[in-house]
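Listed below, chain by chain, are the residues.
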Amino acid sequence: MPLLKDDMPLMKEPHPSPQAPLPWVLPSLFAAFNVVLLVIFSGLFFAFPCRWLAQNGQWAFPIIAGLLFILTFFSLISLNFSDPGILHQGSNEQGPLMVHVVWVNHRAFRLQWCQKCCFHRPPRTYHCPWCNICVEDFDHHCKWVNNCIGHRNFRFFMLLVLSLCLYSGAMLVTCLIFLVRTTHLSFSMDKAIAYPLGCGDPRPNSEGGEELSTEGRGHGGGRVNGEQG
Ligand SMILES: [Zn+2]
Ligand SMILES: [Zn+2]
């Protein structure tokens, strides 16, 4: 065992640990709210623009967006309930007065004692003040999912970031295509709902799209007029 020096560097913490655990109710509700928000926006997205495009033969965009939504949703749920690399190594045999040393790149580091978990933290292990746990290879605490990002779930986090970016891009492109395809139609919530629900018997117009007459729908006869340019 090498001799220890007083100026031996300590493993630094990203932020000081609070004295009392932070409340967990609001962060948990915020994480659940994000999941609900994703489901609501995706439901509107698939119910209106995606359904209209699918009914007009453009299946590629709804299928791609649907696959990306499934990937995003399950990576989000997985990250919510994943184990970031929690270390439970507290024991009565250890104590804050004992000194543990590790060597990194030929330099000796004295491990810090975690008062909450009652053990000497390995390198790159930090105590999350929000979760009140020590996490191996701690990266950060993600408030969007109310979970730490660490050694075991960092891949889930990267998968969520990647799938969310791709899904957002797919939603943007799909909505733009939907708006371009429906520029010849006057905007109204009536038509936005009538098209996805497929009221009446839509007939293709000269541009390949479909036009549903609100007058015919209003009289209950389901009469459809083609777009005359
Ligand atoms: Zn700890
Ligand atoms: Zn945390």
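Small disclaimer: the values here were computed from a predicted structure and weren't measured.

Conventions and cut-offs
Residues numbered from 1 in each chain as written. Chains lettered and ligands numbered in written order. Predicted model: local features only at pLDDT ≥ 70, side-chain atom pairs only at ≥ 80, totals over all residues. Heavy atoms only, no water. Donors = N, O, S within 2.8 Å, 3.2 Å for Na, K, Ca; no water. Buried < 20%, exposed > 50% of the residue type's maximum accessible area, 1.4 Å probe, protein only. Salt bridge = Lys/Arg side-chain N within 4 Å of Asp/Glu carboxyl O. Helix = DSSP H or I, 4+ residues; strand = E, 2+ residues; numbered from the N terminus. Tetrahedral: all angles 85-135°; square planar, octahedral: opposite > 155°, others 65-115°. pLDDT = per-residue confidence, 0-100. Contact = heavy atoms within 4.5 Å. Phe/Tyr/Trp six-rings, centres within 6.5 Å; stacked < 30°, edge-to-face > 60°. Axes fitted to C-alpha atoms, helices over the stretch in contact; angles between N-to-C directions. Left-handed = near helix turned anticlockwise from the far one by under 90°. Nonpolar A, V, L, I, M, F, W, Y, C, P; charged D, E, K, R; others polar.

Caption draft 1: Highlighting the coordination of the zinc ion (ligand 2). Protein ligation of the zinc ion (ligand 2) involves Cys128 (SG), Cys131 (SG), His141 (ND1) and Cys148 (SG), the donor distances falling in the range 2.1 to 2.3 Å. Of note, the zinc ion (ligand 2) draws all its donor residues from one chain, in the sequence arrangement C-x2-C-x9-H-x6-C. With relative accessibility at 0%, the residue cysteine 128 sits in the buried group. Residue classification places cysteine 131 among the partly exposed positions, given a relative accessible area of 23%.

Caption draft 2: Spatial organisation of the pattern of salt bridges. All told, the structure shown has two salt bridges when counted by the stated rule. One salt bridge connects aspartate 83 with arginine 152, and the closest N-O pair in it is separated by 2.5 Å. Here arginine 152 lies in the loop between strand S8 (147–149) and helix H3 (154–181) and aspartate 83 lies in the loop between helix H2 (60–80) and strand S1 (101–104), a separation of 69 residues in the sequence. For aspartate 83, a relative accessible area of 31% gives the class partly exposed.

Caption draft 3: Inspection of the coordination of the zinc ion (ligand 1) at higher detail. Distances from the zinc ion (ligand 1) to its protein donors, Cys114 (SG), Cys117 (SG), His127 (ND1) and Cys134 (SG), fall at 2.0 to 2.3 Å. Around the zinc ion (ligand 1) sit four donor atoms, and with donor-metal-donor angles ranging over 102 to 119° the site reads as tetrahedral. Of note, the zinc ion (ligand 1) draws all its donor residues from one chain, in the sequence arrangement C-x2-C-x9-H-x6-C. Residue cysteine 114 is found in strand S3 (residues 113–114), and its partner cysteine 134 is found in strand S6 (residues 133–135); the two are separated by 20 residues along the sequence. For the pair formed by cysteine 114 and cysteine 134, the shared burial category is buried.

Caption draft 4: The confidence of the model for the protein chain, seen in detail. On average, residues of the protein chain carry a pLDDT of 76, and 69% of them reach 70 or more. When pLDDT is averaged over each helix and strand of the protein chain, the minimum, 38, is found for helix H5 (residues 214–218) and the maximum, 96, for S8. With pLDDT under 50 throughout, residues 1–7 is counted as low confidence; its partners more than four residues away or in other chains account for three contacts. Overall, residues 196–229 carries pLDDT values under 50, and its contacts beyond four positions in sequence, including any with other chains, amount to 63 contacts.

Caption draft 5: Spatial organisation of the packing of aromatic side chains. Counted according to the given criterion, the structure contains nine aromatic pairs. Between tyrosine 126 and phenylalanine 138, the ring centres sit 6.3 Å apart and the planes meet at 75°, which makes this aromatic pair edge-to-face. Here the residue tyrosine 126 occupies a position in strand S5 (residues 126–128), and phenylalanine 138 occupies one in the loop between S6 and strand S7 (140–142), the gap between them amounting to twelve residues. Both residues of the pair, tyrosine 126 and phenylalanine 138, count as buried. Three or more aromatic residues link up through ring pairs in this structure, and these residues are Phe45, Phe46, Phe69, Phe73, Phe74 and Tyr167.

Caption draft 6: Molecular detail of the packing of helix H1 (residues 25–55) against H3. At their nearest, the axes of H1 and H3 sit 10 Å apart, and the two run at 35° to each other. When the axes of H1 and H3 are compared, the crossing they make is left-handed. Along the contact surface, H1 presents Leu38, Phe41, Ser42, Phe45, Phe46, Pro49, Cys50, Trp52 and Leu53, while H3 presents Tyr167, Ala170, Met171, Thr174, Cys175, Ile177, Phe178 and Arg181. Looking at the contact of H1 with H3 residue by residue, the class counts come to 14 nonpolar, two polar and one charged.

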